[in-house]
Amino acid sequence: MHKPLAFFIAAFAACGISAADLELPDLGNPEKRIFIGDKARNIGMGVEGQLRQRGELLEQPEITQYLRELGNRLAAYAPAPSGYHFFVIDSPAINAFATSGGYIGINSGLIAMTDNEDQLAGVIAHEIGHVNQSHIARSIANAEKYGWMQAISLLAGIAVSVAADSASGAQATIAGTQAYIQEKKLEYSRAHEQQADDVAVKVLQKAGYDATQMATFFEKLMINGSHPPEFLMTHPLPENRADRQRSKAQKHTAARNPLDYQLAKTAIQRYSRHKLRDYRPDNAFAEQYRQVLEAQRRNDQAVLPTMLAALPPEKHPLFARLHGEQALLNGDPVQAEAVLENAWKRWKNNENLIMPYARTLIANGKAAEAEKLLQGQIARDPGAVQYYDLYGDLLERQRRRGEQLLLTAKYYALIGDYKLAAEQVGRALKDPTLPANERQKARTLQKRYELLQEQDEK
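Below you will find a few notes about this structure. Because the structure is predicted, anything quoted here is derived from the model rather than measured.

Next up on the list: the packing of aromatic side chains. Evaluation of the coordinates by the stated rule reveals eight aromatic pairs. Here the aromatic rings of Tyr66 and Tyr261 are separated by 6.4 Å at their centres, their planes lie at 65°, and the arrangement is edge-to-face. Of this pair, Tyr66 sits in helix α5 (residues 61–75) while Tyr261 is found in helix α15 (residues 259–271), placing the two residues 195 residues apart along the sequence. Residue Tyr66 is classed as buried on the basis of its relative accessible area, which comes to 6%. Centroid distance Phe285 to Phe319: 6.0 Å. Interplanar angle 40°. Geometry classified as tilted. With Phe285 in helix α16 (residues 284–298) and Phe319 in helix α18 (residues 317–329), the pair connects residues that are 34 residues apart, well separated along the chain. Exposure remark for Phe319: the relative accessible area of 0% places this residue in the buried category. The rings of Phe87, Phe97 and Tyr103 are connected pair by pair, giving a single aromatic cluster. Just above the ring of Tyr209 sits the side chain of Arg256; from NZ or CZ to the centre is 3.9 Å.

Next comes the structure, spelled out in structure tokens:
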């Protein structure tokens, strides 16, 4: 038995899923052979970085925090060597995709189309199945004669085709990308789809979700006249897919419709640039949040204090964030800190709180505490550029130019521009403000970026 497969079986057993449970063939795991070192993660991060550069991501904290919590809860039952990272693409196209390094993108249009959290969990679990079964690596293994740069371009093309609105001017690009995918034989096969479905059903059952809702959602997508949603075009249908899913699934409880799900869908409805499926939450707090967002959109400051009073800060970190931001807007950073500090003690590291809490600490002259907060979050989520922006502003105010250049280098590396990243490190090393204890780290970083640049150019 291949060593990587032995690792997976041990991991499955620890999480309550065995290879026998999944009823999948022993195909081995090509990921370590195909993706050496951090390459898989770097490619996935590069795909997300390109989408971010294009302005295609929805990164409001109430959306990303929810999706990542849900995704990580499911991923615990189907581990992958590189772990997982979840993000939302702002597109009306009903689609989702998994790329290398465990990076999984879900379109806002797909989230808007779901009727409950169980259906959304089904789609995420399906994409987790692709990562867990190393389908990207297996596909690339079948086309190893093509260069790495072509593979990276292809994966980026998949992301762009998933994100793009088929009615937009990018349609020709998508068609070209899809033709290229077909030519290089790197699109998902029906066998891969079946395997991903099988993993998803087991994951959903272990996580306590109604796995039959995944079949219900896929059936809903099929009832779409002569123009099936993009998800069905990029994820070929195994024969009798819905019946097969239901035969393997066991209904647990009523479908879930929790507050976090409703808040995230409400936020997507407000912040998306596209016209999505209309949504009205049935939870009273979520409906009040929707009205607050509408008042903010109108900049109706007269009604906001009264409306926020109906969203107690101790109920949810999002509500605490709204109260803290309103206090900052009213010129009362002391009150903002009191609200956000209490929330931080209860919901530490919640994405809803990090930015307003850091801004509040800076406003109250507590730059060192704000820096520690931002450094911790960047370490946990290296791809979150909004924290780089605020941290960079803090360093600039303190005239720490060398460290600011290092931070800029890390940002360029995030979007896959290793040449610029190495150049920024070089500038940082020449800057007299760079502390001595950072210089050796910077030299190591520079060598790493130069090596990654060489790999990209091969």
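The biggest cluster of nonpolar side chains holds 58 residues, and the ones touching the most others in it are Leu74, Tyr84, Ile106, Leu120, Ile124 and Ile128. Broken down by element, this core gets its largest block of residues, seven residues, from helix α7 (residues 117–132). Mapping this core onto the domain boundaries places at least three of its residues in each of domain 1 (33–164 + 183–248) and domain 2 (259–457). Leu120 has contacts with Tyr66, Leu70, Ile106, Leu110, Ile111, Thr114 and Tyr261, leaving out every residue within four places of it along the chain. With 35 residues, the next largest nonpolar core counts Leu340, Tyr391, Leu394 and Leu414 among its residues.

This brings us to the pairing of strand β2 (residues 85–89). Along β2, five of the five residues are buried, which leaves the element largely enclosed by surrounding structure. The alternating pattern of β2 places His85, Phe87 and Ile89 and Phe86 and Val88 on opposite faces, both of which are buried. Alignment of strand β1 (residues 57–58) against β2, held across two bridges, turns out to be antiparallel. Bridging across to β2, Leu58 finds its partner in Val88. Pairing geometry for β2 and strand β4 (residues 103–107), over five bridges, is parallel. Bridge assignment links His85 to a residue of β4, and that residue is Tyr103.

If you walk through the whole model with that rule in mind, you get 19 salt bridges. Salt-bridge contacts for Arg52 lead to Glu48; the nearest nitrogen and oxygen are separated by 3.4 Å. Here Arg52 pairs with Glu48, and both are found in helix α4 (residues 39–53), just four residues apart, close to one helical turn. Across the pair, exposure class does not vary: Arg52 and Glu48 are buried alike. The residue Arg273 makes a salt bridge to Glu56 at a minimum N-O spacing of 3.5 Å. Here Arg273 is found in the loop between α15 and α16, whereas its partner Glu56 is found in the loop between α4 and β1, with 217 residues between them in sequence. Overall, the relative accessible area of 52% leaves Arg273 in the exposed class.

What counts and what doesn't
- Residues numbered from 1 in each chain as written.
- Predicted model: local features only at pLDDT ≥ 70, side-chain atom pairs only at ≥ 80, totals over all residues.
- Heavy atoms only, no water.
- Phe/Tyr/Trp six-rings, centres within 6.5 Å; stacked < 30°, edge-to-face > 60°.
- Helix = DSSP H or I, 4+ residues; strand = E, 2+ residues; numbered from the N terminus.
- Buried < 20%, exposed > 50% of the residue type's maximum accessible area, 1.4 Å probe, protein only.
- Lys NZ or Arg CZ within 6 Å of the ring centre and 35° of its normal.
- Core = buried A, V, L, I, M, F, W, Y, C linked by side-chain atoms within 4.5 Å.
- Domains from an automatic or database assignment.
- Contact = heavy atoms within 4.5 Å.
- Pairing = 2+ DSSP bridges.
- Salt bridge = Lys/Arg side-chain N within 4 Å of Asp/Glu carboxyl O.

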